[in-house]
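Architecture and fold: a report
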Amino acid sequence: MTLTRGSRITTAVLCGTLALITAGWIARDLTKAGSPDELWHLWTADAQPLPPATSLEHPLLLAVYVVLLAAALRPGLTPGAPAAAGVITLALWLPGLWVLGSGRPGLRATDELRTLALYATFAALALGVGLLTTAVVGPRTRPRGPARGVPVAASALLGGAAGVLAGWEIRTAALSPEPYADRFTGGVPALPPLLAIPPGWLTSVTVLLAGVAALAALRPAALVAGVFVLGAGLRGVDIALHNGLLGRLGELPLADRLLVVSWCLEAVAGAVALLLLAAPRRPPEPPPRAAPAGPPPPSSRPPGW
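A brief look at the structure comes next. (Residues numbered from 1 in each chain as written. Predicted model: local features only at pLDDT ≥ 70, side-chain atom pairs only at ≥ 80, totals over all residues. Heavy atoms only, no water.)

This next bit is on the pattern of salt bridges. Tallied over the entire structure, the rule returns three salt bridges. The residue Asp29 makes a salt bridge to Arg28 at a minimum N-O spacing of 2.8 Å. Given a relative accessible area of 2%, Asp29 falls into the buried group. Between Arg183 and Glu169 there is a salt bridge, with the nearest N and O atoms lying 2.8 Å from each other. One end of the pair, Arg183, is in helix α8 (residues 182-185); the other, Glu169, is in helix α7 (residues 152-175), with 14 residues separating them in the sequence. (Salt bridge = Lys/Arg side-chain N within 4 Å of Asp/Glu carboxyl O. Buried < 20%, exposed > 50% of the residue type's maximum accessible area, 1.4 Å probe, protein only. Helix = DSSP H or I, 4+ residues; strand = E, 2+ residues; numbered from the N terminus.)

What follows is the structure in structure tokens.
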């Protein structure tokens, strides 16, 4: 089924508002950083003297909102698209309720900025609920063609990336000297930026979304999962490049070597999965034509019969 024009307009308005909120915070950080390149390094660095309010996930969210906004302006939008966007919005903005409300000292921001961030979080969560509501109860029409599934290769890549991410998170839980709960609650020093998603929470959301998309072959969820798998890989690759790890890969301890390789594989898996999912669909082959029937027998007997 596809959404009607009214539901698509609602989706476009909700996504446009979410895009404006996210872009506003990114623009605020860009003015503080001075250049996109500097802001990128602030997003990917483990610790900064003056962390931005946003994290790498916010431009990824912005990309999801802009793409869905553009898709909602054309017929053929399925309910799965606003549903996937609503789920990722709720999942990634929800930690702000306890991170911003905790008043912990790691949030180096004024009370006014923290209050503004909390208001933005409430607004984003309300808009995410609106997207889910539109997907579930919005009026819809019959589809104009067969639904597009997820290619087997894309499912395999997302499933493999989910397994790799889950494996490293389990290792972190077993070896981390800090309380592991800080990776979900945003405890110091796990989460310096104001609006950043706690790393354990972010990894869990990415693993669940990629796993569900791979197993259930849900195309909108697979597209969103591919974006965040790519983001996880790009963050790691940037850290590796910034610290010169790729050039001395053979000198690293085995665990560090595997981690760098995992980052590269995640980036490749996310990029290739997105390319496979975005590839144009080949039109179905027309059914073979039936052989022409033979001439009918004469309706009357010929002379001399």
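Along the polypeptide, Leu18 turns up in helix α1 (residues 5-33). Counting along the chain gives 106 residues from Leu18 to Ala124, while the straight-line C-alpha distance between them is 6.3 Å. Beyond its immediate sequence surroundings of up to four residues, Leu18 is in contact with Tyr65, Thr89, Ala124, Leu127 and Leu131. (Contact = heavy atoms within 4.5 Å.)

The next subject is a nonpolar patch on the surface. Judged by side-chain polarity, Leu94, Leu97, Trp98, Tyr119 and Phe122 come together as a nonpolar surface patch covering roughly 470 Å² of accessible area. Put simply, the parts of the chain that give the nonpolar patch at least two residues each are α5 (96-101) and α6 (111-137). One can find Phe122 in helix α6. (Patch = residues over 30% accessible without salt bridge, like charges linked within 9 Å, V, L, I, M, F, W, Y side chains within 5 Å. Areas by Shrake-Rupley, 256 points an atom, 1.4 Å probe, with all protein chains shown as cover.)

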